[in-house]
Every structure is written in structure tokens, then in C-alpha cells.
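# Structural overview for review
Here is what each chain is made of, one letter per residue.
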Amino acid sequence: MPVSQEGEPEPTIYRTLFLSDFHLGTRGCQAGLLLDFLKNNDAATIYLVGDMIDGWQLKNGWYWPQAHNDVVQKLLRKVRKGVRVIYVPGNHDEFARDYIGSVFGGVEVVDHAYHMTADKKRLLIVHGDQFDIVVQNARWLAFLGDWAYTLALWSNLWFNKIRRRLGFPYWSLSAWAKLKVKNAVNFIGTFEVAVAEAARRHNADGVVCGHIHHAAIRDVGGITYVNTGDFVESCTAVAEHDDGRLEILRWQMTAEEQRLAALAANERTQTAARAAA
């Protein structure tokens with residue numbers, strides 16, 4: 001693997017990266033995996049699609065370990081190296097909406113954005129909380145849900161520590177529980193339709209959002225619906241390749257762990273082939 005002058009692996013370069021829902025400032029944030037992702041992936045333009053910092057949780061109690069600071073510094077370092085970083089705040093970092101139109105450390109803060117892909121598709125970039133009826137019309141319900149969700153994330157951390165010791169792979173209890181609840185009220189489908197309709201009203205070919213922590217790329221009524229997922233549960237981002245193709249990048253393991261897993265899988269394949277010969 002090529003190594004840069006800074007001693008880090010040479011990153012995979014994409015045309016554009018879309019990331020959201022880091023929830024820095026919470027114990028659920030997968031800052032280690034996120035930092036590893038940022039070290040191993042880069043792009044000419046990076047969109048931060050909201051909920052990067054969890055202001056709701058920080059109001060209740062300060063939590064900001066060095067790893068969270070390292071993530072911020074890594075992004076600012078990318079800006080200094082010429083990467084364009086565009087930040088679209090969400091509901092958990094709504095304090096940043098007071099600074100729409102400003103530039104901090106080279107990071108552009110905007111209410112929403114438009115992105116033209118390499119194959120000339122116009123994408124609306126928006127966090128997505130504007131279409132969540134719970135957040136939009138009953139904030140006290142949203143806060144109650146966030147409290148319960150935080151508890152689920154805490155349980156998830158300990159649950160997976162036990163799974164790892166027993167040799168089982170990572171499994172998100174909170175993602176499963178949230179998906180079950182959302183499906184019960186058909187929330188995800190309704191959300192996707194609402195966001196896609198907003199893109200249509202903006203004369204866009206597609207939309208990129210976050211908010212619901214459920215990565216997806218699909219056609220919704222002729223509109224390309226893209227959700228970046230999160231770096232709390234699923235650890236996903238979306239990349240645009242040089243030809244305009246969009247892809248979900250899954251980063252549940254570090255690059256080194258992925259390399260070792262691939263080597264182990266290759267070794268098992270070769271062993272099976274030799275046994276069958």
C-alpha cells in the first residue's frame with residue numbers, strides 16, 4: 001500500500017464524498033473508524049450533510065475526547081490541502097444554522113446546496129430533518145426519542161464488546177431497534193418520498209440527505225434518492241466516482257482490519273482449493 005510523506009496510507013481519491021451524522025460529542029460516535037475513513041479516502045469536494053456535532057447532547061453534559069478533536073482537525077487539514085468542504089447543518093447541530101453564509105477555517109456553511117455530478121445530474125443536498133414531522137412539529141417528542149436512542153446506543157457499545165469477545169461480528173442493536181420502530185409507522189418510506197418530492201420541486205435529478213441513519217441509493221419516483229447513513233451505527237458514506245457513479249462505502253472495520261480480513265478470506269479459499277485438488 002503506497003504511503004504518503006506524512007507516513008499515512010495514500011488515500012483512495014473520489015470526485016466527491018458525502019458524509020453525515022457523525023454526532024461528535026456523544027459516546028456513540030465511532031470516531032476511530034471515522035478518522036480511519038478520512039485518512040484512507042479523499043475527494044476534490046466533501047459535503048458534510050448535517051449532525052456533525054451533537055449540540056443536543058453537549059448541552060446536557062460535555063463529552064469531547066481527543067479522537068473527536070482529531071476528526072475536526074483532519075477535516076480542516078484537508079481544506080488546507082485544497083479540498084472544498086461544504087457543511088449543511090442538521091437538527092442536532094442546528095446552532096450552526098445561525099452562521100449560514102459564513103466560512104470557518106475554509107469550511108463553507110450553507111442551508112442547502114446543489115451538486116452537479118460528472119454525468120450532469122443535479123443533486124439537492126439537504127440534511128433531511130425538515131421532512132421529519134416529529135422534529136418539525138413536536139420538538140419535545142424528538143428530545144424524548146433522542147434520550148431513548150442514546151440509551152440504545154450505550155447498550156449497543158457493551159453488547160458488541162461481548163460479541164467481539166465471543167468471536168461474533170459487529171451488529172447494531174440500536175439500528176435494528178430504530179428500523180423496527182420506523183417501519184412500524186412506515187417512516188422511512190414516507191421520508192424518502194417527501195425528500196424526493198422536495199428535489200423535484202428544486203428541479204433536481206436527485207437528492208442527498210442524512211438524518212435517519214439508514215444508508216441507501218435508490219430510485220424514488222424517478223428521483224435518485226441518496227442517504228449517506230451515519231458514523232454512529234452503520235459507519236457509511238457515499239462516494240461519487242469520476243464517471244458520476246454513486247456508491248455506498250461501508251467502513252465497519254479499519255483499512256488494516258479490512259486488509260487482514262481479505263488476506264484471511266483468500267487463505268481460506270486457497271486452502272479449500274488445495275483440499276479439493
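What counts as what
Residues numbered from 1 in each chain as written. Predicted model: local features only at pLDDT ≥ 70, side-chain atom pairs only at ≥ 80, totals over all residues. Heavy atoms only, no water. Phe/Tyr/Trp six-rings, centres within 6.5 Å; stacked < 30°, edge-to-face > 60°. Buried < 20%, exposed > 50% of the residue type's maximum accessible area, 1.4 Å probe, protein only. Lys NZ or Arg CZ within 6 Å of the ring centre and 35° of its normal. Pairing = 2+ DSSP bridges. Helix = DSSP H or I, 4+ residues; strand = E, 2+ residues; numbered from the N terminus. Axes fitted to C-alpha atoms, helices over the stretch in contact; angles between N-to-C directions. Salt bridge = Lys/Arg side-chain N within 4 Å of Asp/Glu carboxyl O.

This paragraph deals with the packing of aromatic side chains. The final tally for this structure, using the stated rule, is 6 aromatic pairs. For the ring pair Tyr-99 and Phe-104, a centre distance of 5.6 Å and an interplane angle of 85 degrees mean the geometry is edge-to-face. For Tyr-99, a relative accessible area of 44% corresponds to the partly exposed category. Linked through ring pairs, Phe-22, Phe-37, Phe-231 and Trp-251 together constitute an aromatic cluster. Geometry around Tyr-114 places Arg-122 over its ring, the cationic atom sitting 4.0 Å from the centre.

Quick look at the sheet that holds strand β7 (residues 122–125) now. In sheet architecture, strand pairing relies on hydrogen bonds along the backbone and comes in two forms, parallel and antiparallel. What the 5 strands build is an open sheet, ordered β6-β7-β8-β10-β9; its pairing is mixed. Across the chains shown, the open sheet's two edge strands, defined by having one partner strand only, are β6 (113–116) and β9 (216–220). On average, each strand axis in the sheet is inclined to that of its neighbour by 25 degrees, with strand direction left out of account. Strand direction decides the pairing type here: β6 and β7, joined by 4 bridges, are antiparallel. Within β7, the residue paired with His-115 across the bridge is Leu-123.

Turning our attention to the pairing of β9. Direction of pairing for β9 relative to strand β10 (residues 223–227): antiparallel, over a ladder of 5 bridges. Within the sheet, the bridge partner assigned to Val-220 lies in β10 and is Ile-223. Connecting β9 to the next strand, β10, in antiparallel fashion are 2 residues, including Gly-221 with a positive phi near 60 degrees.

Take unusual backbone geometry next. For Lys-120, which is not glycine, the phi dihedral falls at a positive 65 degrees. By secondary structure assignment, the location of Lys-120 is in the loop between β6 and β7. Backbone geometry places Cys-235, a non-glycine residue, at a positive phi of 55 degrees. Among the structural elements, Cys-235 can be located in the loop between β10 and β11 (236–240).

The full count for this structure, using the stated rule, is 8 salt bridges. Across the pair Glu-240 and Arg-15 runs a salt bridge, and its minimum N-O distance is 2.9 Å. With Glu-240 in strand β11 and Arg-15 in strand β1 (residues 12–19), this pair connects stretches of sequence that are 225 residues apart. Overall, the relative accessible area of 0% leaves Glu-240 in the buried class. Residue Glu-108 is joined to Arg-84 by a salt bridge in which the shortest nitrogen-to-oxygen separation is 2.8 Å. Taken as a pair, Glu-108 in strand β5 (residues 107–109) and Arg-84 in strand β3 (residues 84–87) lie far apart in primary sequence, 24 residues in all. The class for Glu-108 is partly exposed, based on a relative accessible area of 23%. By relative accessible area, Arg-84 is classed as partly exposed at 42%.

Without other data, these values stay purely geometric and don't point to any function.
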